[in-house]
Structures are given as C-alpha cells and as structure tokens.
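# Coordinate inspection notes
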Amino acid sequence: MSLITNVMDHSLDDGYAEAAARKQSQGEGGMPKTLRAKLGLAVGLVLAALVVTVGAAQARVAAPVVAKERQELIDRIDRETKSADKLEGSVDKLRDDVSARQRAALKASGGSGQVDLVGVLSGATAVHGPGVKLVVNDAKEASTGGDGSNPRETSGFTDTGRVRDRDMQRVVNGLWASGAEAISINGQRLTALSAIRAAGDAILVDNKPLVPPYTVLAVGDAKKLSTRFQNSADGLYLHALDDNYGIRTGISTESDIRLPAAPSVIVRTAEPSTGKGTS
C-alpha cells in the first residue's frame, strides 16, 4: 500500500518537480521575454488564425456548390435509372412478341405437336406444374468447417462454409438426372446453354450474380423427383456439405411451381417441319 500511496501523493516525478522549481526561481517561463520574440509569436498566431479563417470561409462558400453538384448527380442517376427501366420493359414486350410470332410460325408450318415441348425443354416458354423446392444457404459461420470426410478436398477452397459454383452445378445436374423438366435458380431460368460460374465469392448464372440463399425450383413429378435426387450421388453430396460444414439445405415438394421463360433464348436456325417429325 505504501507504493500506491506514494504514487497518489507524488504524481509528478521528483526530478521533474525539481527542474520546474529551479526554472521558476531563475525566472525562466514559457513566454518569450524579448520584444522581438513577443512580436514573432504574435505574428505566428495571427497567421494561424488567418489560415483557419480563410479555410473556413472557403469551405462555407464551396459547400452549396458541392451540395448542388451532388443533387444534380442524384437526379441524373434517377433519370437514367427510369430510362433504363423503361427500355427494359420495352425489350421484354418485344421479346414476348417475337416469341409469340415464332410459335405461331412453327405451328403454321405443321410442327405444332412438338412446339410446346421444345419450348419447355429449351426454356423459351414459361412453365408451371408440380415439382420440388430446394433451398441451399451458406453456413451461419461461413468460415468454419466441420470434422469428418471432406467432399470438396480437391476444390482448393479454404472457406468451406460457403456455397460454391461447383456445388450448385452438382445440385442442378442431379435434379436434371432425377427427372426435372425445367429448373430455375433465384428466378433465373436454366437452359441447355446456361453456365454456372464463380466470380470471387459470387455465383453467376448466365453472367448474372446471385446471392444466398439459393432457391432452386424444379418442375417434374414431385415425389419421384425428390426421392431420386436425395438418393442420388449429388443429393448425398449435398447432405455431406450439411453434415461437415453446416451448409444449410432444405427440400420440399410443391403442388404448383411457376418458372419464367429464359430471356436469353434466341432462335438461330429453323427448318420447316414435314409433319412427320423434326430433325
């Protein structure tokens, strides 16, 4: 306790206290003594005050200009956004019109028996019907991994709690193999030309970034599709990710699933049908 008491009573070191007392006895203070030094200090203070005043005045004058430019930029962004939305709406309408004309032309040529089937399989037309809903989400702590066998040991990923593009590729391929007739991920319809890739931590479907949770909708025989997928190698792979890394999954059967048409489907070649089949 004596040490604590000494520190509390003598907060200033004895050497500093002696030096301060000696300067005070000799008449040495912090303020300049000569007139020249005093004038120099006064000039320095005046200059410092002048710089601060000028800076404050300039900031006050520039503030309205900056605010005006910022508001003009915001207004321009709003205008361009509205214009882009309007153009996107026009593109959707034109795409629907083109699709309707294509279907009408194909039916008129005698191939009406397979037009709808081709449209469903290619993703060119919207579909609805029974199917399954599969939700895949990152682990709650995406950077943590579990114990047990590593189903992604050759993937090279260190953050094993995050859903990767190859995981979604296996999910989609497993659903196709299990009998799915049409599939979408987060509302993005898949076609035979669709690509699931990675860009950093983001998953791209046809170059459109998606964010978790990933909702996969598949149209088909709901019960058979669900059972076949969960018993397949890809379904077991998904369960292994859940068990080992905490990646959250959930699958359910649905009585009516609606999938939009794929906006990127373009007819490049066409041949008139003879009515006996297609080539």
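Just above, that's the structure.
Residues numbered from 1 in each chain as written. Predicted model: local features only at pLDDT ≥ 70, side-chain atom pairs only at ≥ 80, totals over all residues. Heavy atoms only, no water.

Moving on, we come to the sheet that holds strand E1 (residues 127-137). Pairing is antiparallel across the open sheet formed by 5 strands, whose spatial order is E3-E2-E7-E1-E8. For this open sheet the edge positions go to strand E3 (188-189) and strand E8 (248-259), each flanked by a neighbour on one side alone. Sheet topology places strand E2 (residues 182-185) next to strand E7 (residues 214-219); 4 bridges connect them, and they run antiparallel. Bridge pairing links Ser184 to Leu217 in E7. The sheet strands contacting helix H6 (residues 222-231) are E1, E7 and E8, and the helix crosses E8 at an angle near 155°. (Pairing = 2+ DSSP bridges. Helix = DSSP H or I, 4+ residues; strand = E, 2+ residues; numbered from the N terminus. Contact = heavy atoms within 4.5 Å. Axes fitted to C-alpha atoms, helices over the stretch in contact; angles between N-to-C directions.)

Within this structure, the stated rule accounts for 3 salt bridges. Between Asp97 and Arg101 there is a salt bridge, and its shortest N-O distance comes to 2.9 Å. Linking Asp97 with Arg101, this pair stays in helix H3 (residues 35-108), spanning 4 residues, or about one helical turn. Of the charged contacts, one joins Arg258 and Asp256 as a salt bridge, the two residues approaching to 3.6 Å between their closest N and O atoms. Using a relative accessible area of 40% as the deciding quantity, one classes Asp256 as partly exposed. (Salt bridge = Lys/Arg side-chain N within 4 Å of Asp/Glu carboxyl O. Buried < 20%, exposed > 50% of the residue type's maximum accessible area, 1.4 Å probe, protein only.)

Read across the sheet, 3 strands follow the order E4-E5-E6 without closing on themselves; strand pairing throughout is antiparallel. Looking along the sheet, the strands with just one partner apiece sit at the ends: strand E4 (196-199) and strand E6 (208-210). Adjacent strand axes in the sheet meet at a mean angle of 40°, parallel and antiparallel pairs treated alike. Where E4 lies against strand E5 (residues 202-205), 4 bridges are found, and the strand directions are antiparallel. From the neighbouring strand, Arg197 faces E5, where its bridge partner is Leu204.

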